[in-house]
Amino acid sequence: MREGGSDLYDALIIGSGAGGGPLALKFSQAGLRVLVLERGPRHSPREYAHDATGLGPQDLIPRVEDDPHTVVTRKTSVPLRTALGWTASCVGGGTVHMGGYFYRFHPDDLRMRSRFGDYEELADWPYDYAALEPWYAVAEQEVGVSGLAGVNPFEGPRSTPFPLPPLDAHPLAAALEEACARRGLHAFSTPRSINSRPYQGRPACAYCLECSGLGCPVGARGSSQAALLPRAEATGHCEVRARCHVREVTVGPDGRATGCVYLDAEGQEHRVTARVVCVCCSSVESARLLLLSRSPRFPNGLANGSGRVGRHLQFHAVTMAQARLPRDRLPGALLENPHPFIGRSVMDHYFLPDGVSDLPKGGILRFGRGPPVPESRDGAKASDVLFCEVFHDFLPNAGTFVELDPEVKDRWGLPVARIHLDRPRHHVRAGQWLLARTFELFRDLGAEECVPLIVGGTSSYLVQGTCRAGDDPETSVLDGHCQTHEVDNLFVVDGSFMPTSGGAAPTLTILANSFRSADHIVRRFQAGDFA
């Protein structure tokens, strides 16, 4: 085994996405010596070209032949190899190809059990919206979010405006706003982590015809790779090493974390030592790493005395639909405009009316534009495609969790993560009702062929849970600052901490929580806690 470096690092960060990026930036700005280990490669912006040569989402996650997850559902008799639960494996993590829809959670998302009672495995967060709100503001400022404050009457209080004005939108956005207003709904500009003008040395959006799901070739998206890690490295206190697969977090005789063992691209082992270890691998892989890190002191996995590591896994429930808008229904110039973004959302249905389901929790409707459809030989008229993605909660439940697969190994011979996936009936009930509201707006705009694409389904790339944060060490893995209850210098700072998934895309919340945790850890360093 080779030593990764003779010096002791102040902080070791395993993972470089929405959890690890804020830690790297704030630790290094505070003068701490930081090492970031990322299992995937570091891609250059030119590799994100939106043409046949560019990297697609399938290129940013491991091949199931080499590094699979396995999945078990009610319909499977044998675990199946799958990419379910992989967000990305590269410097910047899932933020590289995210759509960047940066909604804040509703205050009640942090108190689901208090509001709705004992339902499935709902739990309250160990802090409230007021404690998180200042860090939402920090996250929006640090990565750059384009939006308009005060137009969404259903979001929680804000202490600051968005740092950037909204992105430009297709003229159809105005027609959608009018259709919403006629129904008493409140359409608002979708906040996005994409620069609407130059910001922090990065350019404004180039309005590519394709965006979500692909890397940004110009650096306008506020990914960890573009917005956070370069600034951390520029301090001279942060090193990012790519293609480093961490196989174990190590502990000393006193039970405190001492660092890790990782494998480089050739399979050679290295050891790193650090005063503080932060696991930020995304929910499935963070749980897997803790479960792999067994020792006489932690025979069931590191920080897993409660048996809760891997429990409470949540993906995100999603409903999607699209409709054709014939060009003779609206002015031709309106539909023929090539602008790629509709950029409007509706939050009026975040909570459901009585009778829809036994849990009155809905979600956010996000409207976008699909590729135009030319006139066909069989007489079908030329049309544009209007698309809607509905974000809604994936409920934590006893049937959805992660464990180590007893049979399937990765390319290094380590047990892979086995995902047990169950879907509460509420997901489909809520999805059906939200789909009907979507179709109403489609038809108000003169749409034809309203088509459901998925109803109450599972979005595999938005992942939460597995190391639930809470005040009780018997029922949670982490405290309110993402410190493990059992190891005071070990933190898990990614979506793993989230007790509930919220009815909105979680990336902004993961970033905000990471900035909050970073501030806490830095203050503890300054107090001498990790000497």
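Residues numbered from 1 in each chain as written. Predicted model: local features only at pLDDT ≥ 70, side-chain atom pairs only at ≥ 80, totals over all residues. Heavy atoms only, no water.

Engineer: Any details on the state of the cysteines? Residues and values, ideally.
Structural biologist: In the structure shown here, the tally under the stated rule is 0 disulfides. There is no disulfide at cysteine 180, and the cysteine sulfur nearest it, in cysteine 388, is 9.6 Å away. The exposure class of cysteine 180 is buried, given its relative accessible area of 0%. Here cysteine 388 falls in the buried class, since its relative accessible area comes to 1%. (Disulfide = S-S within 2.5 Å. Buried < 20%, exposed > 50% of the residue type's maximum accessible area, 1.4 Å probe, protein only.)

Engineer: Outline helix α8 (residues 426-444), listing residues and values.
Structural biologist: The periodicity of an α-helix, 3.6 residues per turn, causes residues three or four places apart in sequence to face the same way. Helix length check: α8 (19 residues) gives 27 Å between terminal C-alpha atoms against 27 Å at 1.5 Å per residue, within 8%. Taken residue by residue, α8 has His426, His427, Ala430, Gly431, Leu434, Leu435, Arg437, Thr438, Phe439, Leu441 and Phe442 as its buried positions. A positive backbone phi angle near 85 degrees is found at glycine 446, which sits one or two residues after α8. (Helix = DSSP H or I, 4+ residues; strand = E, 2+ residues; numbered from the N terminus. Expected span 1.5 Å × (residues − 1).)

Engineer: So what's going on with the pairing of strand β2 (residues 9-14)? Residues and values would help.
Structural biologist: Among the 6 residues in β2, 6 count as buried, and that is most of the element. With helix α1 (residues 20-29) bridging β2 and its parallel neighbour strand β3 (residues 34-37), the resulting β-α-β unit is right-handed. (Right-handed = clockwise from strand over helix to strand, strands pointing away.)

Engineer: Describe unusual backbone geometry, with residues and values.
Structural biologist: The phi angle at glutamate 120 is positive, at roughly 45 degrees, despite the residue not being glycine. For glutamate 120, a relative accessible area of 40% translates into the label partly exposed. Look at histidine 312: it is not a glycine, yet its phi comes out positive at around 60 degrees. Following the sequence through the fold, histidine 312 ends up in the loop between α6 (283-292) and β11 (314-326).

Engineer: Break down the sheet that holds strand β4 (residues 69-72) for me, with residues and values.
Structural biologist: Taken in spatial order, the 4 strands of this open sheet run β5-β4-β16-β15, and their pairing is mixed. Every interior strand has two partners, whereas the edge strands, β5 (80-82) and β15 (401-409), have only one. When strand polarity is set aside, the average angle formed by the axes of neighbouring strands in this sheet is 40 degrees. Where β4 and β5 come together, 3 bridges link them in antiparallel fashion. Across the sheet, threonine 70 pairs through a bridge with arginine 81, a residue of β5. Seen against the sheet, α6 touches β4, β15 and β16 (415-420) and runs at an angle of roughly 125 degrees to β16. (Pairing = 2+ DSSP bridges. Axes fitted to C-alpha atoms, helices over the stretch in contact; angles between N-to-C directions. Contact = heavy atoms within 4.5 Å.)

Engineer: Run through the nonpolar core, naming residues and quoting values.
Structural biologist: In this structure, Phe27 and Leu490 are the most contacted members of the largest nonpolar core, which totals 90 residues. Element by element, the count of residues in this core is highest for helix α9 (residues 507-526), at 9 residues. Apart from residues lying up to four places away in sequence, phenylalanine 27 is in contact with Ala11, Ile13, Leu32, Val34, Cys278, Ala518, Ile521 and Val522. (Core = buried A, V, L, I, M, F, W, Y, C linked by side-chain atoms within 4.5 Å.)

Engineer: Let's hear about the side chain of asparagine 195: which residues, and what values?
Structural biologist: For asparagine 195, the location among the structural elements is in the loop between β6 (187-189) and α5 (224-234). A relative accessible area of 0% means that asparagine 195 is categorised as buried. Within the structure, the side chain of asparagine 195 is placed 3.1 Å from the backbone oxygen of proline 203, a separation counted as a polar contact. If near-sequence neighbours (up to four positions away) are discounted, asparagine 195 is found in contact with Val143, Gly144, Ser146, Leu164, Leu167, Arg202, Pro203, Ala204, Cys205 and Ala220. (Polar contact = N/O pair within 3.5 Å; in protein donor to acceptor, adjacent residues only side chain to side chain.)

Engineer: Explain α5 to me, and be specific about the residues and the numbers.
Structural biologist: Listing the buried residues of α5 in full gives Ser224, Gln225, Ala227, Leu228, Leu229 and Ala232. The elements touched by buried residues of α5 are α1, α3 (129-143), β7 (238-241) and α9.

Engineer: Residues and numbers for the packing of α1 against α9, please.
Structural biologist: At a minimum axis distance of 8 Å, the contact between α1 and α9 shows a crossing angle of 30 degrees. The two elements α1 and α9 cross, and the hand of that crossing is right-handed. Packed against α1, whose contacting residues are Pro22, Leu23, Leu25, Lys26 and Phe27, the element α9 presents Leu511, Ser514, Phe515, Ala518, Ile521 and Val522 at the interface. Of the residues assigned to the contact of α1 with α9, the class counts are 9 nonpolar, 1 polar and 1 charged. (Left-handed = near helix turned anticlockwise from the far one by under 90°. Nonpolar A, V, L, I, M, F, W, Y, C, P; charged D, E, K, R; others polar.)

Engineer: Tell me about the side chain of serine 501, and name the residues and values.
Structural biologist: With respect to the helices and strands, serine 501 occurs in the loop between β18 (490-492) and α9. Given the relative accessible area of 1%, serine 501 is considered buried. A distance of 3.0 Å separates a polar atom in the side chain of serine 501 from the backbone nitrogen of phenylalanine 394.

Engineer: So, the packing of aromatic side chains: which residues are in play, and what are the values?
Structural biologist: Aromatic ring pairs are described here by two measures, namely the spacing of the ring centres and the angle between the planes. Applying the stated rule across the entire model yields 15 aromatic pairs. Between the aromatic rings of tyrosine 103 and phenylalanine 188, the centroid separation amounts to 6.5 Å while the plane-to-plane angle is 85 degrees, which identifies the pairing as edge-to-face. Here tyrosine 103 is found in the loop between β5 and α2 (112-116), whereas its partner phenylalanine 188 is found in strand β6, with 85 residues between them in sequence. For tyrosine 103, a relative accessible area of 3% puts it in the buried group. For phenylalanine 188, a relative accessible area of 5% puts it in the buried group. It is arginine 115 that lies over the ring of phenylalanine 351; its NZ or CZ is 4.0 Å from the centre. Positioned above the aromatic ring of phenylalanine 341 is the side chain of arginine 192, whose terminal nitrogen or guanidinium carbon lies 4.9 Å from the ring centre. (Phe/Tyr/Trp six-rings, centres within 6.5 Å; stacked < 30°, edge-to-face > 60°. Lys NZ or Arg CZ within 6 Å of the ring centre and 35° of its normal.)

Engineer: Break down the pattern of salt bridges for me, with residues and values.
Structural biologist: Under the counting rule described, the total for this entry stands at 36 salt bridges. Arginine 158 is paired through a salt bridge with glutamate 155; the nearest N and O atoms lie 4.0 Å apart. Across the salt bridge formed by arginine 288 and aspartate 410, the nearest N and O atoms sit 2.7 Å from each other. Separated by 122 residues along the polypeptide, arginine 288 in helix α6 and aspartate 410 in the loop between β15 and β16 bring together distant segments of the chain. Since its relative accessible area comes to 3%, arginine 288 is described here as buried. By relative accessible area, which is 7% here, aspartate 410 ends up buried. One salt-bridge network, in which partners are shared between bridges, spans Arg39, Asp67, Glu285, Arg288, Asp410 and Arg411. (Salt bridge = Lys/Arg side-chain N within 4 Å of Asp/Glu carboxyl O.)

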